[in-house]
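# Residue-level structure breakdown
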Amino acid sequence: MKPPARDLPTLISQALLTVSKNPTQHGKWTASLERTLHQLGCRDSLTPSLVARVIDPYLLHHPSLSLGFFNWAAQQPNFSHSSTSYNCVLKSLANSRHFNSLEKVFKEAKARNVCVDGSVYRHFIVSLVKLKRSHEGYMALSEVCDVGGDVCNLVLGGLVSEGRVESAQKVFDEMLVRGVRFNTLGFGLFMWRYSKKAEISRVLGVLDRVRGGGSGFDGSIVAVLIVHGLCEVDRISEAYSLLEELRNRDCKPDFIAYRIVAEAYRSNGPGCIFEVQMTLKKKRKLGVAPRASDYRDFILALLSDNFIYEAKVLGHLLIEGNFPVEDDVLDALVRSVSRVDPCSAMLFFKFMVGKEQAPNLQTLSSLCRNLCKHGKIDDLLEVQQILSSKDYFTNPERYNVMFSSLCEAGKVREAYSILQEMRKKGLVPDISFYNILMEALCSEDLIRPAKKLWDEMFACGIFGNLQTYNILLKKFAEVGQVDDAQGLYDHMLQKGIMPNAITYTSLLEGLCQELKFEAAIQFFYKAADQDVTIARTIVPRLVLLLCKAGHFLSASQLLCSNCHLRHKESHVILLNYFADAKEFQIAINHLRQVMAVSPALLQDISTEIFALLSSSSNPEPILQLLREMQQSELTSTDENWRRFCGQMLKWVPGESQPLLPV
């Protein structure tokens, strides 16, 4: 009995959410979710309205499920999406970071002439600007009547930031005509760039036009940006004369603006000392103190919208003049700027520490990670030294960030010194510290120090966990120290630590590398006795290792004696090697043994072999294998498959015709 239509949205959404919570789903749309929908028997009841009511509100904050359900519905017979379902899935995607999916569905909706909701347009345009694709945002802006003044300002700022001055001018003019209210971000960035080339009279004219229509920008910040733009192109005297004009237009220059002009004069040498003194005198008489909260809001807004360069420049102006900068602004500057300009990030970091402010864990982690990414290892070491001198490292969490970064940078000696320092302070490092350092030592091929660390760890009463054993065991196997690896395996069993797939795979690779194939096979059986799931995970790797060494018969015997694992991929690996070696008779004998144990597995294998044709760069051996299988009646029993396979096998191997059915 089908549930009432009114209950379907709740029923479908709850079923999808329940299945998606399974750890194996990884938050993605999978075949198990589709099977769940088929079991519900809701296909005949599908309508765009039902899809919309499932997504909004139930799946709105689960964009992968929303999109998966939307796409599944589109594949059902006699179903077609409408603007209702399109706008709901776009709304879900717009509230997430899934921009590629949002863009794809958005373009699909536009191609089908779907009327897209204005809120979706806003999210789409904002995402484009943040991704430095402001020109596309500008094009999308022309397709919608009203997305709000903030979005228009964002597009304006994005265009000038990316150097698209002509497009920015068009947006600016259109905003004036439509009476859109300008904010500090849009108008400030526009005037920063505009003032570099425009005559002073035109700069003032633009300022008057915007003020006349009502505005919502911070006059002092805009004054700083205009003056800075002029000084950047060495129009210092014009910047000086503009200070008074800006003050008369309620854009009161603060101390920052006057300092920009004074420092620009100073950079021209001793010949401009009079101009420097005049500017500073004017600053004391007419300048106003900068409001830290206003600059805080502006810089955080810039960073939030990915205007990192502009935020960095403004941050430099503040710290070079030793002006007040709030703590959260410095944290945000260090985090964001370190992604693109680690040298500038270091300046902000030093300014922060100099004013006795400690970076939070997120800031320190971002800075260290990005210094490693850019290869600034000396700067990383300097960060450690500076923070150590300030007694910053007072708990394991702070130590861990620095310790992990040093290990990632390969500075294992410095990382080890942190362990010693922690013990002196009575902060006992837990096993995670040792695992990180062990991984770093093994990555640097420092086997003897790794062994020494292992002994020291146990001497300090820190007992290794599964990860510790796997790190060292894998390295032993990799460098040919298989006896040590097996000894470590026995030790972990004695300690009651159960091996996992990584443990067994590492040992199998080490044994095969030392040509101890029989020992590797016996080791596989140990894994199978422990856990059939582990055996199923590692058998493809063992089969591949045996095949690469030419031990086809050993691989065949292994698989035929373990058909209960039903690992069709492993059989396909072996059969592919058989085909390449033209050992077709041995392949047929292998398949006959499989058929005797599991006819269903044989059918799965034959289907997988046929699928290889589409991806193989040399399909002739596979075609020949399929021919041998067909002649020996060792192919799938499915009639459609047999018919198609028969058409394919009419082609003679070795011919150059395309592999298409006749």
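Please refer to the structure placed before this passage.
What comes next concerns the included structure.

Calculation notes
Residues numbered from 1 in each chain as written. Predicted model: local features only at pLDDT ≥ 70, side-chain atom pairs only at ≥ 80, totals over all residues. Heavy atoms only, no water. Helix = DSSP H or I, 4+ residues; strand = E, 2+ residues; numbered from the N terminus. Rg over C-alpha atoms; globule rule 2.2 N^0.38 Å. Buried < 20%, exposed > 50% of the residue type's maximum accessible area, 1.4 Å probe, protein only. Contact = heavy atoms within 4.5 Å. Lys, Arg positive; Asp, Glu negative; His and termini not counted. Charge placed at Lys NZ, Arg CZ, Asp CG, Glu CD. 1 Å grid on protein atoms, 1.4 Å probe; cavity = no way out; pocket = protein on both sides within 12 Å on 5 of 7 lines; lining within 4 Å. Points joined across faces, edges and corners; volume = space filled by probe spheres on them. Axes fitted to C-alpha atoms, helices over the stretch in contact; angles between N-to-C directions. Parallel < 35°, antiparallel > 145°, perpendicular 65-115°, else oblique. Left-handed = near helix turned anticlockwise from the far one by under 90°. Phe/Tyr/Trp six-rings, centres within 6.5 Å; stacked < 30°, edge-to-face > 60°. Core = buried A, V, L, I, M, F, W, Y, C linked by side-chain atoms within 4.5 Å. Salt bridge = Lys/Arg side-chain N within 4 Å of Asp/Glu carboxyl O. Nonpolar A, V, L, I, M, F, W, Y, C, P; charged D, E, K, R; others polar. Patch = residues over 30% accessible without salt bridge, like charges linked within 9 Å, V, L, I, M, F, W, Y side chains within 5 Å. Areas by Shrake-Rupley, 256 points an atom, 1.4 Å probe, with all protein chains shown as cover.

## A word on the overall build of the chain
- Helices and strands together make up the secondary structure of the chain, namely 37 helices and zero strands.
- What you see for the chain is a C-alpha radius of gyration of 34 Å, clearly larger than the 26 Å of a compact globule of 662 residues, by over 25%.
- Here the chain holds 662 residues, and 49% of them are scored as buried.
- For the chain, the share of sequence-separated contacts (at least 6 apart) that also reach a separation of at least 24 residues comes to 65%.
- Between the averaged position of the 74 positive side-chain charges in the chain and that of its 72 negative side-chain charges there is a distance of 3 Å.

## Some thoughts on the layout of surface pockets
- The computed volume of the largest pocket comes to approximately 590 Å³.
- As for the largest pocket, its lining consists of 17 residues, of which S96, R97, S127, K130 and S304 are closest to the centre.
- Elements with a contribution of two residues or more to the lining of the largest pocket: helix 5 (83–94), helix 6 (99–111), helix 7 (118–130) and helix 17 (292–304).
- Per-element accounting of the lining of the largest pocket gives the leading share, four residues, to helix 7.
- Approximately 300 Å³ is the volume attributed to the second largest pocket.
- As for the second largest pocket, its lining consists of V412, R413, Y416, L437, L441, L446, P449, K452, L453 and E456.
- No other element matches helix 26 (residues 447–459), which puts four residues into the lining of the second largest pocket.

## A word on the packing of helix 11 (residues 184–197) against helix 13 (residues 219–232)
- Where helix 11 contacts helix 13, the axes come no closer than 7 Å and their chain directions differ by 25°. Taken together, the axis directions place helix 11 and helix 13 in an arrangement best described as roughly parallel. The interaxial crossing formed by helix 11 with helix 13 has right-handed handedness. Contacts from T184, F187, G188, L189, M191, W192, S195 and K196 in helix 11 reach I221, V222, L225, I226, H228, G229, L230 and E232 in helix 13.

## Points about the packing of aromatic side chains
- What the rule picks out here adds up to 25 aromatic pairs.
- Seen in terms of ring centroids, F106 and Y121 are 5.1 Å apart; in terms of plane orientation they differ by 90°. Their pairing is edge-to-face. A residue pair is termed long-range when its members are at least 10 positions apart, and F106 in helix 6 and Y121 in helix 7 qualify at 15 residues. The pair formed by F106 and Y121 is uniform in burial state, with each residue classed as buried.

## Digging into the nonpolar core
- Within the largest apolar cluster, 221 residues are counted, with the highest numbers of intra-cluster contacts made by F69 and F187.
- Those residues in contact with F187 that lie beyond four places of it in its chain are N153, L156, F172, F182, V206, L207, V210, F217 and V222.

## Observations regarding the pattern of salt bridges
- In total, this model carries 29 salt bridges according to the counting rule given.
- Among the salt bridges present, the one from K196 reaches E232, with a minimum N-O distance of 3.0 Å. Residue K196 is located in helix 11, and its partner E232 is located in helix 13; the two are separated by 36 residues in the primary sequence.
- Accessibility expressed as a relative area gives 34% for E232, which makes it partly exposed.
- In this structure, D208 engages R211 in a salt bridge whose closest nitrogen and oxygen atoms are separated by 3.7 Å. On the criterion of helical spacing, the pair formed by D208 and R211 is a turn pair, its members being three residues apart in helix 12 (residues 200–212).

## Some words on empty space enclosed by the protein
- Under the defined criterion, the tally for this structure stands at one cavity of 30 Å³ or more.
- Of the voids in this model, the largest cavity is the one considered here, and its volume is about 40 Å³.
- D218, S220, I221, D254, V288, A289, P290, R291, D294 and Y295 together form the lining of the largest cavity.
- Each residue belonging to the lining of the largest cavity can be placed in one class, and the counts come to five nonpolar, one polar and four charged.

## Overview of a nonpolar patch on the surface
- Where nonpolar side chains cluster on the molecular surface, the patch consists of I273, F274 and M278 and spans about 290 Å² of accessible area.
- Inspection of the secondary structure puts I273 in helix 16 (residues 273–286).

## Considerations on the side chain of D379
- Tracing the chain through its elements places D379 in helix 22 (residues 377–389).
- One buried charge, D379, has no salt-bridge partner; the nearest side chain with opposite charge is K376, at 5.3 Å.

## Focus: unusual backbone geometry
- Along the chain, D56 connects to P57 via a cis peptide bond; the corresponding omega equals 25°.
- The phi torsion at N306 lies on the positive side, around 70°, for a residue other than glycine.
- Tracing the backbone through its elements, the reader meets N306 in the loop between helix 17 and helix 18 (308–320).
- A positive phi angle is found at N322, which is not glycine, with a value near 55°.
- Mapped onto the fold, N322 is located in the loop between helix 18 and helix 19 (327–337).

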